[in-house]
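Structural overview
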Amino acid sequence: MIDNQLQRVAPKAIAAAIEALAARFGNRLITSASVREQHAHSTTWLPAQPPDAVVLARETKDIQDVVRICAPLRVPVIAFGTGTSLEGHINAPAGGVCIDLREMNRILDVHVEDLDCVIEPGVTRKALNEHLRDRGVFFPIDPGADASIGGMASTRASGTNAVRYGTMRDNVLALKVVRGDGEIITTGTRAKKSAAGYDLTHLFLGAEGTLGIISELTIKLRGIPDTIAAAACSFETVEGACNAVILAMQTAIPVARIELLNATQVRCCNAYSKLTLPETPLLLLEFHGSAAEVAEQSKNFAAIAKECGGGEFSWTTRPEDRSKLWQARHDAYWSVRALRPGAGVVATDVCVPISRLADCVVETEADLQRLNLTAPIVGHVGDGNFHCSLLCDVNDPEEMARGEEFMHRLVERAQAMDGTCTGEHGIGQGKQKYMVAELGPEAIEAMRAVKKALDPDNIFNPGKIIPPL
């Protein structure tokens, strides 16, 4: 849902801001249509809404100066990481200025002995882990896309490792944030815990750039395990696969990754990644630890899988085999696109308590069959989180209507099971309409009060998260 109550900024204000920004940034201010369109939402079904200008930031002072120029004119400011978000987070529904943070990509300090590091927001997870690899540590959050870590913090991202290492919520120690007057808020320290005042770090995590712009992050690191094993197990039914996950979590097997692919998604991966997996529901797993611990974890899960209707349980520690398996999982989105060339892909996610996982996935597959829709399912199911990649002909109103019905029913189902409309994609524009049902009007009013206090002129990424009045 697009916030139609937002009014575009007056052309005079935009012109004044662009003139001032051009004087400050020179050729790092870009107003060409092609670049502006690249900085609008384009990865799924929501229409793109480009900004009026793009500024390429290289340091914190650049962010501060953009805010100080735009704030008095009430010109919106939208932060841009790598553009991989899925719910319209980077759209500019009221116009404004996009701050591209990709050149703010310095790793400022690494403290291996304390298992943390300090980085700029444009550092991507792959670049960070490449930098850290020879030092025996890594950053564990892996949302699939090579997202910027500032963007991952802004959307409170998660991913395939979350079942063992948590989400961004669990792995950020402190932030520096540019506020509405251009000054810097420091939200914490490098200490692993603190009881000093309000938890401002977690206020900005998941705020999607609506309260300020992150200019620096202090994040946790983990030691690289001695042994890593990847495993695959096919199941007769998706219910059996989900029940195996539930039992594994309840018996506290320390799985690092546990991913569900339904039969349709396995078929996509086989075709796209040149695999020969049985085209039935599949669990992909990863175990971390010493050689003995990994062997024990694998043995224990194999017993659970067999009890739940699983077939042959195979695992490997060879890096090339592990990489091939997980690359196929990371390429799931592209494999879905290849299933029906020319169709639009509507990527959505929900999350439910682990005990309701099997119910939710089974009912979702039944809904797809009833509505005659194709939506391969993948999920970080150790957290009760799964994704549907709905394929629709965007030029067929009847099919799109069925797709809208499916997505609405999916969210309602998850919320009815004490779950959430999004486990990791965030709200942006696309899921605003579900916020009141999930949290209640009182919580939404509290969010509006926080937004008003920190961003009284509504310049930071307006039209996101909080549903319009």
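My aim in this report is to walk through the structure given alongside it, one point at a time.

Cut-off values and rules
Residues numbered from 1 in each chain as written. Predicted model: local features only at pLDDT ≥ 70, side-chain atom pairs only at ≥ 80, totals over all residues. Heavy atoms only, no water. Helix = DSSP H or I, 4+ residues; strand = E, 2+ residues; numbered from the N terminus. Buried < 20%, exposed > 50% of the residue type's maximum accessible area, 1.4 Å probe, protein only. Phe/Tyr/Trp six-rings, centres within 6.5 Å; stacked < 30°, edge-to-face > 60°. Lys NZ or Arg CZ within 6 Å of the ring centre and 35° of its normal. Axes fitted to C-alpha atoms, helices over the stretch in contact; angles between N-to-C directions. Parallel < 35°, antiparallel > 145°, perpendicular 65-115°, else oblique. Left-handed = near helix turned anticlockwise from the far one by under 90°. Contact = heavy atoms within 4.5 Å. Nonpolar A, V, L, I, M, F, W, Y, C, P; charged D, E, K, R; others polar. Polar contact = N/O pair within 3.5 Å; in protein donor to acceptor, adjacent residues only side chain to side chain. Pairing = 2+ DSSP bridges. Patch = residues over 30% accessible without salt bridge, like charges linked within 9 Å, V, L, I, M, F, W, Y side chains within 5 Å. Areas by Shrake-Rupley, 256 points an atom, 1.4 Å probe, with all protein chains shown as cover. Salt bridge = Lys/Arg side-chain N within 4 Å of Asp/Glu carboxyl O. Disulfide = S-S within 2.5 Å.

Bringing the environment of Ser32 into the picture now. One can find Ser32 in the loop between β1 (29–30) and α2 (33–38). Relative accessible area serves as the criterion here: at 32%, Ser32 is assigned to the partly exposed category. Distance in space between the C-alpha atoms of Ser32 and Val54 is 8.9 Å, their sequence separation being 22 residues.

A few words now on the packing of aromatic side chains. By the definition in use, this model includes three aromatic pairs. Measuring from ring centre to ring centre gives 5.7 Å for Phe138 and Tyr165, while their planes differ by 90 degrees; the resulting arrangement is edge-to-face. With Phe138 in strand β7 (residues 137–138) and Tyr165 in helix α6 (residues 162–165), the pair connects residues that are 27 residues apart, well separated along the chain. Here Phe301 and Phe313 contribute two aromatic rings whose centre-to-centre distance is 5.7 Å and whose plane-to-plane angle is 45 degrees, an arrangement assigned as tilted. Here Phe313 lies in strand β15 (residues 310–316) and Phe301 lies in helix α11 (residues 291–307), a separation of twelve residues in the sequence. Of the two residues, Phe301 and Phe313, both sit in the buried class. For Arg24, the ring lying beneath its charged end belongs to Phe25, and the centroid distance is 4.3 Å. Between Arg257 and the ring centre of Trp326, over which it is positioned, the NZ or CZ distance is 4.5 Å.

Interaxial distance between helix α14 (residues 357–370) and helix α15 (residues 397–416) falls to 11 Å at its minimum, and their mutual angle equals 160 degrees. As far as their axial angle goes, α15 and α14 are roughly antiparallel. Crossing of α14 over α15 shows right-handed handedness. Between α14, through Cys360, Glu363, Thr364, Asp367, Leu368 and Arg370, and α15, the contact on the second element is made entirely by Glu405, Phe406, Arg409, Leu410 and Arg413. Class assignment of the residues belonging to the contact of α14 with α15 gives a composition of four nonpolar, one polar and six charged.

Here Thr348 lies in strand β16 (residues 344–351). Here the side chain of Thr348 touches Lys431 through a polar contact of 2.9 Å, side chain to side chain. Those residues within four positions of Thr348 in sequence are excluded, and the remaining contacts are Glu87, Phe386, His387, Cys388, Met407, Leu410, His425 and Lys431.

Strand order across the open sheet formed by four strands is β1-β2-β4-β3, with mixed pairing between neighbours. This sheet does not close on itself; its edge strands, each paired only once, are β1 and β3 (77–80). Across two bridges, β1 lies against strand β2 (residues 53–56) in antiparallel orientation. Each residue of the ladder has a partner; that of Ile30, found in β2, is Val54. Most of the contacts of helix α3 (residues 60–70) go to strand β4 (residues 97–100), to which it runs at about 175 degrees, and overall it touches β2, β3 and β4.

On the surface, a nonpolar cluster with roughly 320 Å² of combined accessible area is contributed by Tyr198, Leu200 and Leu203. With respect to the helices, strands and loops of the structure, Leu200 is situated in helix α8 (residues 200–204).

Inspection of the entire model under this criterion finds zero disulfides. We note that Cys70 lacks a disulfide partner, and the nearest cysteine sulfur, in Cys98, lies 11 Å from it.

Moving on to the packing of helix α9 (residues 238–250) against α11. It is the contact of α9 with α11, at a shortest axis distance of 9 Å, that shows an interaxial angle of 140 degrees. By the angle between their directions, the pair α9 and α11 is classed as oblique. Every pair of crossing elements has a handedness; the one defined by α9 and α11 is right-handed. Residues Ala244, Leu247 and Ala248 of α9 pack against Phe301, Ile304 and Glu307 of α11. Considering only residue class, the contact of α9 with α11 consists of five nonpolar, no polar and one charged.

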